[in-house]
Amino acid sequence: MSALRVNNLYRYFGQLKAVNGVTFEVPHGSVCGFVGANGAGKTTTMRILATLDHPTVGTAEVCGINVLHHPAEVRRLIGWMPDHFGNYDHMTVIEYLDFYARALGYKGKERRERVQEVIDFTDLGPLTERFSNKLSKGNTQRLGLGRALLHDPQVLIMDEPAAGLDPKARVELKHLIRVLAKEGKTIFISSHILSELGEMCDSLLFINNGRIVHHGDAESLKNGSETQGGFLYDV
Ligand code: ATP
């Protein structure tokens, strides 16, 4: 069974076909990159998988569970890292993580342990008392990743996590993703830029105007006729 399975998925906003007949699978324990230009349909597809939006037509499943029919079960399985997330100015890093751990139903010692585990993993230890809106972009992304990992999900869906990061923060984020992949998590990660993803992904999906135009490894994508003209490498 695949970790992610999307079948004949459509999402219309009025006349606009944001997702226009998308089908793909992501095997358990693999890293899949989702590449496309602004407005290609990445976020819409990911939001449907994260149970935050619904298909107009078609199905999306996480570990065999239909996202529309069983959203609560799906939410337990996935960690969702949106491209923008609200980090509250009145909360420090530790208060922020504790708040979300509480919302996930963790109590007492277990809650403190979960929060500490993600602080250790994301290396946010020296910043626990910093107000969350005073973090650098790189540390903000670490906090978003920590939040997504609080319930130790099997599948991580990350919407453009490297956007706006400087090269050092990008390398550090890649390292964390590699560690998570080694632990056996399934990772579905989007970007505008192929080179940001290629080397750490087992497979790549390229979406254009709501349609998947290529699904393969980095090498096959480079040679794919749909992507000739250097478009992918310049975005
Ligand atoms: P980006 O890289 O800019 O984030 P994307 O590939 O994630 O782009 P989407 O955000 O999925 O693309 O958007 C796909 C299309 O759907 C775009 O034309 C966008 O304007 C449109 N769209 C997305 N959400 C809505 C909405 N709630 N209402 C109307 N149109 C929407």
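Residues numbered from 1 in each chain as written. Predicted model: local features only at pLDDT ≥ 70, side-chain atom pairs only at ≥ 80, totals over all residues. Heavy atoms only, no water.

1. Details of unusual backbone geometry
The following threshold applies: Secondary structure counts use DSSP, requiring at least four H or I residues in a row for a helix and at least two E residues in a row for a strand, with both numbered from the N terminus. Three exposure classes are used, based on accessible area relative to the maximum for each residue type with a 1.4 Å probe and protein chains only: buried under 20%, partly exposed in between, and exposed over 50%.
Even without a glycine there, the phi angle at Asn8 is positive, about 50°. With respect to the helices and strands, Asn8 occurs in strand β1 (residues 4-13). At Glu160, a position not held by glycine, the phi torsion is positive, near 45°. Here Glu160 lies in the loop between β7 (155-158) and α6 (167-182). Residue Glu160 is classed as buried on the basis of its relative accessible area, which comes to 14%.

2. Quick word on helix α5 (residues 137-149)
Where we set the bar: Take the number of residues in a helix, subtract one, and multiply by 1.5 Å to get its expected span. Any two residues whose heavy atoms approach within 4.5 Å are treated as being in contact.
Across its 13 residues, α5 extends 18 Å between first and last C-alpha, which sits within 8% of the 18 Å expected from 1.5 Å per residue. Along α5, the residues that are buried comprise Gly138, Thr140, Gln141, Arg142, Leu143, Gly144, Leu145, Gly146, Arg147, Ala148 and Leu149. On its buried face, α5 sits against β6 (78-81), α3 (93-103), α4 (108-122), β7 and α6.

3. What to know about the packing of α3 against α4
Our working rule: Angular values range over 0 to 180 degrees, each being the angle between N-to-C directions of two axes fitted as lines to C-alpha atoms, with helices fitted over their stretch in contact. The labels follow the angle: roughly parallel below 35 degrees, roughly antiparallel above 145, roughly perpendicular from 65 to 115, and oblique for the rest. By the definition used in this description, the sense in which the near helix is turned from the far one sets the handedness, with an anticlockwise turn below a right angle giving left-handed and a clockwise turn giving right-handed.
With their axes 10 Å apart at the nearest point, α3 and α4 run at an angle of 130° to one another. Here α4 runs oblique to α3, going by the angle between their axes. Of the two possible hands of crossing, α3 and α4 adopt the one that is right-handed. Between α3 and α4, the residues in contact are Ile94, Leu97, Asp98, Ala101 and Arg102 and Arg111, Val115, Val118 and Ile119, respectively.

4. Quick look at the site of the ligand
What counts is decided by this rule: Whether a residue is near a molecule or strand depends on its heavy atoms: if one lies within 4 Å, it is near. In protein, a polar contact requires one atom able to donate a hydrogen and another able to accept it; more generally it is a pair of N or O atoms within 3.5 Å, and residues adjacent in sequence count only if both atoms are side-chain atoms. The protein chains shown are the only cover counted for residues, whose accessible areas, like all others here, come from Shrake-Rupley with a 1.4 Å probe.
The environment of the ligand is made up of 13 residues, and the closest members are Asn38, Gly39, Thr43, Thr44 and His192. Contacts to the ligand include Ala40, whose backbone N or O atom sits 3.1 Å from an oxygen atom. His192 is positioned with one of its side-chain polar atoms (N or O) 2.7 Å from an oxygen atom of the ligand. Look at the ligand: alone it shows 630 Å² of surface, and the protein chains cover 61% of it.

5. Digging into the sheet that holds β6
Just so we agree on the cut-off: The rule for pairing is simple: two strands pair if DSSP sees at least two bridges between them.
The strand order across the open sheet built from 6 strands is β6-β7-β8-β3-β9-β10, with neighbouring strands paired in mixed fashion. Two strands close off the open sheet at either side, each with one partner strand: β6 and β10 (211-216). Pairs of neighbouring strands in the sheet enclose a mean axial angle of 15°, with direction left out of account. Here β6 pairs with β7 via 4 bridges, running parallel. Its bridge partner lying in β7, Ile78 is registered against Val155.

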